[in-house]
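The lines below spell out each chain.
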Amino acid sequence: GLKNPQNELNSNTLANDTSENQAIYDIYNFYNDYYFEYNASKWLENEDGNLSYDNYTLAYIQSIENLTSVGFDINQNDGRASFFTYLYNLFSSQIDATNTTLELGSSSFVYDNGIYYSFIDLVYTASIERCYFVLIPENDIFIEFILSNNDTVISDEIHDEVVSYICSIQEEQVSDTTGNINTDIVNGIDSNNVNIPSSETNSTEPQNSA
């Protein structure tokens, strides 16, 4: 990924000595100052800015900030549940392709390491897209990734690995001209679009719990 000088000492130096094949970690910057570390001895960043391994591709799709301003208080269980239902219904209503199903991976947002995530699957005739929805309440931000595979299944190992990455998302702390740490990002919900892939849904309904 694009390396940040502040984090360069950490990049490519974190090794898992318990494995015969050492896991070398690099930094993947995907939106403004947000990044996570990934196993660069396994995943490669391609020219499109996505991470690839075997037949899998992990792509950053979009970020939307200031969710509170549009009625979703993601610091509250009800707010997260409402947002999950909104996302599911949004995908559901825009699916029109044949031989495609929309399946719930999780029925609500799951808490991990200060971050909430959920996911749904778009299953096509010969491939699958797993859409990960990530909430960081502290920053009032929604982030979406899609893990795709040229097969109709995603292994538990790859799923668990991707979840570990997205649940370790960090925001770089940048010093301003006064030397103070400034983590503010100026960006409104109007500057981002919710892009929904086309497919066909089944009748699965989400639960309104978080």
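Up top is the structure these notes are about.
A short tour of the structure in this document, coming up. Quantities reported herein were computed from a predicted structural model and do not represent experimental measurements.

### Description of the overall build of the chain
Phase 1 of the analysis: Summing up its helical and strand segments, the chain has two helices and 13 strands in all.
Phase 2 of the analysis: Counted over contacts in the chain with a minimum sequence separation of 6, partners at least 24 positions apart contribute 57%.
Phase 3 of the analysis: Split by element, the accessible area of the chain, about 10,700 Å² in all, is 41% carbon and sulfur.

### A word on the packing of aromatic side chains
Phase 1 of the analysis: Within this structure, the stated rule accounts for 22 aromatic pairs.
Phase 2 of the analysis: Centre to centre, the rings of Phe72 and Tyr86 are 5.4 Å apart; their planes meet at 45°, and the pair counts as tilted. One end of the pair, Phe72, is in the loop between strand E5 (56-65) and helix H1 (77-93); the other, Tyr86, is in helix H1, with 14 residues separating them in the sequence.
Phase 3 of the analysis: Measuring from ring centre to ring centre gives 6.1 Å for Phe133 and Phe142, while their planes differ by 40°; the resulting arrangement is tilted. For the pair formed by Phe133 and Phe142, the shared burial category is buried.
Phase 4 of the analysis: Joined through ring pairs, the aromatic side chains of Tyr28, Phe30, Tyr31, Tyr34, Phe36, Tyr38, Tyr60, Phe145 and Tyr165 make up one cluster.

### Quick word on the nonpolar core
Phase 1 of the analysis: Membership of the largest hydrophobic core comes to 30 residues, with the highest contact counts inside it found for Phe36, Trp43, Phe145 and Ile169.
Phase 2 of the analysis: Of all elements in the fold, only strand E1 (25-31), strand E2 (34-39), E5, strand E8 (115-123), strand E9 (128-136), strand E10 (141-149) and helix H2 (156-166) reach the threshold of two or more residues within this core.
Phase 3 of the analysis: Here the element with the most residues in this core is H2; it accounts for five residues.
Phase 4 of the analysis: Those residues in contact with Phe145, other than ones at most four positions away along the chain, are Phe30, Phe36, Leu58, Ala59, Tyr60, Ile61, Arg130, Cys131, Tyr132, Val134, Ile166 and Ile169.

### What to know about the sheet that holds strand E11 (residues 170-171)
Phase 1 of the analysis: As summarised here, the arrangement of the three strands in space is E1-E2-E11, forming an open sheet in which the pairing is antiparallel. Taken across any chain shown, the strands that pair with only one partner, and hence form the sheet edges, are E1 and E11.
Phase 2 of the analysis: Pairing of E1 with E2 involves six bridges; the strand directions are antiparallel. Following the sheet pairing, Ile27 is matched in E2 by Glu37.

### Things to note about the pattern of salt bridges
Phase 1 of the analysis: Counting across every chain of the model gives three salt bridges.
Phase 2 of the analysis: Note that Glu157 and Lys42 form a salt bridge whose closest N and O atoms lie 3.7 Å from each other. Of this pair, Glu157 sits in helix H2 while Lys42 sits in the loop between E2 and strand E3 (44-45), and the two are 115 residues apart along the sequence.
Phase 3 of the analysis: For Arg130, the salt bridge identified is with Asp121, shortest N-O distance 2.7 Å. Residues Arg130 and Asp121 agree in their burial class; the two are buried.
Phase 4 of the analysis: A single salt-bridge network, built from bridges that share partners, covers Lys42, Glu157 and Glu161.

### Focus: the side chain of Asp140
Phase 1 of the analysis: With respect to the helices, strands and loops of the structure, Asp140 is situated in the loop between E9 and E10.
Phase 2 of the analysis: In contact with Asp140, other than residues within four places in its own chain, are Ile64, Glu65, Asn66, Leu67, Thr68, Phe72 and Ile74.

### Description of the environment of Ser168
Phase 1 of the analysis: Examined against the element boundaries, Ser168 turns out to sit in the loop between H2 and E11.
Phase 2 of the analysis: Residue classification places Ser168 among the partly exposed positions, given a relative accessible area of 25%.
Phase 3 of the analysis: On a C-alpha basis, the gap between Ser168 and Tyr35 in space is 8.6 Å, while along the polypeptide they are 133 residues apart.
Phase 4 of the analysis: If near-sequence neighbours (up to four positions away) are discounted, Ser168 is found in contact with Tyr35, Phe36, Asn113 and Ile115.

### Comments concerning H2
Phase 1 of the analysis: Those residues of H2 lying buried are Ile158, His159, Glu161, Val162, Val163, Tyr165 and Ile166.
Phase 2 of the analysis: Next to the buried residues of H2 lie E2, strand E4 (51-53), E5, E8, E9 and E10.

Here is what the cut-offs are and how they apply
Residues numbered from 1 in each chain as written. Predicted model: local features only at pLDDT ≥ 70, side-chain atom pairs only at ≥ 80, totals over all residues. Heavy atoms only, no water. Helix = DSSP H or I, 4+ residues; strand = E, 2+ residues; numbered from the N terminus. Contact = heavy atoms within 4.5 Å. Areas by Shrake-Rupley, 256 points an atom, 1.4 Å probe, with all protein chains shown as cover. Phe/Tyr/Trp six-rings, centres within 6.5 Å; stacked < 30°, edge-to-face > 60°. Buried < 20%, exposed > 50% of the residue type's maximum accessible area, 1.4 Å probe, protein only. Core = buried A, V, L, I, M, F, W, Y, C linked by side-chain atoms within 4.5 Å. Pairing = 2+ DSSP bridges. Salt bridge = Lys/Arg side-chain N within 4 Å of Asp/Glu carboxyl O.

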